[in-house]
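# Structural features, examined
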Amino acid sequence: PSGASSATPELYGRLARLLNDTGRRDEAINVLREAVNVAPENIELMGFLAETYEAAGQRDKAVEVLERALRRAPANGRLLVAVAKLYEDLGEKDKAESSYIQAIQAAPEQLNAHMSLAMLYMTRNQADRAAEVVAKARQLFPLSARIVYLEAIYARQNGDGARALR
C-alpha cells in the first residue's frame, strides 16, 4: 500500500499472527508476504514468514525467506539456527552443519546451535566432533540441564563417553 506508515509492518504482523492462530495459515502467509514487501528490512517479519511457511509444510519457501533475511543480517544466530534446522529436515546435512557453525561463531549464546550441531555429529557417527562441541558448550553453559542430557545421549551411544566430555 502506498503511503504506509512505519507502524504498518507491526500491524501486518499482528494480523498475520491472528490469522495463523485461527488456522488461516494461507491468509497469514499472504499478509506476511505483503508486510515483507512493505518493510523488506524487517528481519522479524521475515522470520515469522519463514516459520509460517514451515508450519504449512513449505520448507523450501521457508529456506528461501531465511536465506534472504540472512543476506541482510548474516550474523543473526536465531536465523542461522532456523535455516540449519530446515536444511537438516531437507536432508542437506552439510549446509546444516555450516549454518550451525556460523551460528555458534556469530552468537555463541545460542545453546540450540551447540546442541543441534552435536546431535548432527552424533547422527553421522562423528563422536569426536560431537564431543568437542559438547565440551565447548559445557564451558559456556556449565549449569545447563540440556548439556547433561546431551552428555547422557553421547554416553549411551559411546559407552562411557560422558567421562571424555568433562
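A brief report on the enclosed structure follows.

## Considering the overall build of the protein chain
A tally of regular secondary structure across the protein chain gives 10 helices and zero strands. The order of helices and strands in the protein chain, counted from the N terminus, is α-α-α-α-α-α-α-α-α-α. In terms of overall dimensions, the protein chain has a C-alpha envelope of 65 × 25 × 25 Å along the principal axes. With 166 residues in all, the protein chain has 43% of them scored as buried. Sequence-distant contacts in the protein chain: of pairs separated by 6 or more residues, those separated by 24 or more amount to 44%. Summed over all atoms, the accessible surface of the protein chain reaches about 9300 Å², with 48% contributed by carbon and sulfur. Positive and negative charge centroids in the protein chain, built from 22 and 22 side chains respectively, lie 3 Å apart.

## Some points on the pattern of salt bridges
Within the structure shown, the criterion is met by eight salt bridges. Across the pair Glu97 and Arg129 runs a salt bridge, and its minimum N-O distance is 3.1 Å. Note that Glu97 is positioned in helix α6 (residues 93-106) and Arg129 in helix α8 (residues 127-140), a separation of 32 residues in sequence. Among the residues examined, Glu97 registers a relative accessible area of 11% and is labelled buried. According to the relative accessible area criterion, Arg129 is partly exposed, its value standing at 35%. Arg138 is the partner of Glu151 in a salt bridge, and the nearest nitrogen-oxygen pair spans 2.7 Å.

## With respect to unusual backbone geometry
The backbone of Asn125 sits at a positive phi, close to 60°, despite the residue not being glycine. Within the secondary structure layout, Asn125 lies in the loop between α7 (111-123) and α8. On the basis of relative accessibility, which here comes to 70%, the residue Asn125 falls in the exposed class.

## So, the side chain of His114
With respect to the helices, strands and loops of the structure, His114 is situated in helix α7. For His114, a relative accessible area of 3% puts it in the buried group. Polar side-chain contacts of His114 include one of 2.9 Å to the backbone oxygen of Pro108. Apart from the residues lying within four places of it in its own chain, the contact partners of His114 are Ile104, Pro108, Val133, Ala137, Leu140 and Phe141.

## Focus: the nonpolar core
Within the largest apolar cluster, 52 residues are counted, with the highest numbers of intra-cluster contacts made by Leu49, Tyr100, Leu117, Met122 and Ile147. Sorting elements by how many residues they give to this core places α7 first, with eight residues. Beyond its immediate sequence surroundings of up to four residues, Ile147 is in contact with Leu111, Met115, Val134, Ala137, Arg138 and Phe141.

What counts, and at which threshold
Residues numbered from 1 in each chain as written. Predicted model: local features only at pLDDT ≥ 70, side-chain atom pairs only at ≥ 80, totals over all residues. Heavy atoms only, no water. Helix = DSSP H or I, 4+ residues; strand = E, 2+ residues; numbered from the N terminus. Buried < 20%, exposed > 50% of the residue type's maximum accessible area, 1.4 Å probe, protein only. Contact = heavy atoms within 4.5 Å. Areas by Shrake-Rupley, 256 points an atom, 1.4 Å probe, with all protein chains shown as cover. Lys, Arg positive; Asp, Glu negative; His and termini not counted. Charge placed at Lys NZ, Arg CZ, Asp CG, Glu CD. Salt bridge = Lys/Arg side-chain N within 4 Å of Asp/Glu carboxyl O. Polar contact = N/O pair within 3.5 Å; in protein donor to acceptor, adjacent residues only side chain to side chain. Core = buried A, V, L, I, M, F, W, Y, C linked by side-chain atoms within 4.5 Å.

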